[in-house]
Every structure is written in structure tokens, then in C-alpha cells.
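Structural overview for review
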Amino acid sequence: MAKGHKDKVAVITGGAKGIGQAFAKRLAEDGVHVAIADVAPGADTVKLIEAAGRQALACQCDITSPDSIAAMASDVQKKFGRCDILINCAGIYPQRAFDDMTFEDWRRVLSINLDSCFLVSKQFVPGMKQRNWGRIVNMASSTLGSVVTAGGRLLVLRLSPPPASALEAETP
């Protein structure tokens with residue numbers, strides 16, 4: 001991260017483990033305060049962030065629930081006053097063949113992998129625009145043989161917010 005990110009505030013979905021936890025650790029090492037939003041407990045990630053000398057917040061959050069996301073955003077606002085960097089990292093993939101999937105499986109994957117990016121971004125974009133600064137990173141990956149995961153994340157990439165300049169406040 002650039003030196004200009006010192007004392008910025010990042011929110012990372014799926015930050016309790018895996019690549020989300022790695023993002024949290026690296027951002028903290030670069031001087032960023034970090035909030036994680038995950039259904040899993042985030043105590044281990046908080047320890048990594050604090051070991052880097054940064055402030056941390058772990059929010060147990062169901063990123064498919066607008067109410068849960070609003071509560072998480074409120075907690076972030078109370079602790080840090082803002083979100084400068086949003087990393088939508090949470091994602092799942094079913095451990096079954098496509099032809100064995102149910103429609104409920106399909107909806108769950110899309111809700112977590114796609115809808116959550118919209119819902120979480122929607123909470124933080126207004127503040128980014130108000131401050132004329134913000135960054136959103138939507139993570140995507142594919143898993144060999146997983147049409148569902150690849151398809152859902154391809155939509156994430158296609159529907160990702162416009163460049164950072166779009167987060168600047170509109171001038172009359």
C-alpha cells in the first residue's frame with residue numbers, strides 16, 4: 001500500500017480467515033486501521049492487526065442481511081468515523097457438482113458472492129463520496145469445476161463500482 005494510506009480505515013468482508021485475514025494483516029502493517037465483517041469470530045485477525053500497531057474491530061456480520069450490514073456499518077462509524085477502503089472478499093463455493101446443486105444452493109452462493117458486494121458497498125459509498133476519497137476492491141476467483149462460483153464472481157467484476165473518480169462528490 002502507498003504511504004498515503006497511513007491511518008486510513010479499511011473494512012474487509014470475510015476477514016476472519018484466509019485471504020481476507022491476509023489483507024487485514026498486510027493493510028495493518030502498512031498503517032491502516034481495519035474492521036472485519038464475517039460470520040466467523042475474528043479474534044485471531046484482531047490480534048494480527050493490533051500486533052501491527054493498528055486499531056481493529058471485528059464485527060460478526062451476515063453479509064446477506066441488510067440489517068446486519070447496517071449494524072456493522074454503524075459499529076465501524078462509531079469506532080473509526082468512516083470507511084476509506086472497502087474490500088469485498090467474502091465468498092463461498094459449493095462442494096458439489098453443478099448438477100447436484102439445488103436452486104437454494106444457487107441463491108445462497110449468489111447472495112454471498114454477488115449481492116453482498118452491492119449491499120456492503122451501498123453502506124459506505126455515500127461517505128466516500130462526501131469525503132471525495134474512497135477505494136472499493138471486489139475480490140473474485142474461480143474454482144476449478146465450479147460454474148456457480150466463477151459465474152457469480154464474474155458478475156461481481158462486471159458490476160463493480162466505477163473508478164475512484166466516481167466516488168468524488170458531484171459539483172453543481
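Structure: above.
Residues numbered from 1 in each chain as written. Predicted model: local features only at pLDDT ≥ 70, side-chain atom pairs only at ≥ 80, totals over all residues. Heavy atoms only, no water.

Attention now moves to unusual backbone geometry. Of note in this structure, Asp7 is not a glycine but carries a positive phi near 70°. Locating Asp7 in the fold gives a position in the segment before β1 (9-13). The phi torsion at Asn132 lies on the positive side, around 60°, for a residue other than glycine. By secondary structure assignment, the location of Asn132 is in the loop between α4 (103-131) and β5 (135-138). By relative accessible area, Asn132 is classed as partly exposed at 42%. (Helix = DSSP H or I, 4+ residues; strand = E, 2+ residues; numbered from the N terminus. Buried < 20%, exposed > 50% of the residue type's maximum accessible area, 1.4 Å probe, protein only.)

Our focus in this paragraph is the side chain of Arg54. Secondary-structure assignment places Arg54 in the loop between α2 (43-51) and β3 (56-60). A distance of 2.7 Å separates the side chain of Arg54 from the side chain of Asp7, its partner in a polar contact. Of note is the side chain of Arg54, whose polar atom sits 3.5 Å from the side chain of His33. Each residue touching Arg54, except ones within four places of it in the same chain, is listed here: Lys6, Asp7, Ala28, Gly31, Val32, His33 and Ile49. (Polar contact = N/O pair within 3.5 Å; in protein donor to acceptor, adjacent residues only side chain to side chain. Contact = heavy atoms within 4.5 Å.)

Glancing now at the packing of aromatic side chains. Applying the stated criterion across every chain, the model contains 0 aromatic pairs. Between the NZ or CZ atom of Lys8 and the centre of the ring of Trp133, over which it lies, the distance is 4.1 Å. Across the ring face of Trp133, the terminal group of Arg135 is positioned such that the distance to the ring centre comes to 4.3 Å. (Phe/Tyr/Trp six-rings, centres within 6.5 Å; stacked < 30°, edge-to-face > 60°. Lys NZ or Arg CZ within 6 Å of the ring centre and 35° of its normal.)

Moving on, we get to the packing of helix α3 (residues 66-80) against α4. Helix packing for two helices is described by the angle between their axes and how far apart those axes are. Running from N to C, α3 and α4 cross one another at 35°; their axes reach a closest spacing of 10 Å. As α3 runs across α4, the sense of the crossing is right-handed. Counted together, Pro66, Ile69, Ala70, Met72, Ala73 and Val76 of α3 and Leu119, Val120, Gln123 and Phe124 of α4 form the full contact between these two elements. Looking at the contact of α3 with α4 residue by residue, the classes come out as 9 nonpolar, 1 polar and no charged. (Axes fitted to C-alpha atoms, helices over the stretch in contact; angles between N-to-C directions. Left-handed = near helix turned anticlockwise from the far one by under 90°. Nonpolar A, V, L, I, M, F, W, Y, C, P; charged D, E, K, R; others polar.)

One pass over the structure, following the stated rule, counts 8 salt bridges. Residues Lys25 and Glu29 are paired through a salt bridge, measuring 2.6 Å at the closest nitrogen-oxygen approach. Linking Lys25 with Glu29, this pair stays in helix α1 (residues 18-29), spanning 4 residues, or about one helical turn. Of the residues examined, Glu29 reaches a relative accessible area of 46% and is grouped as partly exposed. As a salt-bridge pair, Arg26 and Asp30 come within 3.1 Å of each other at their nearest N and O atoms. Overlapping salt bridges, with partners in common, bring together Lys6, Asp7 and Arg54 in one network. (Salt bridge = Lys/Arg side-chain N within 4 Å of Asp/Glu carboxyl O.)

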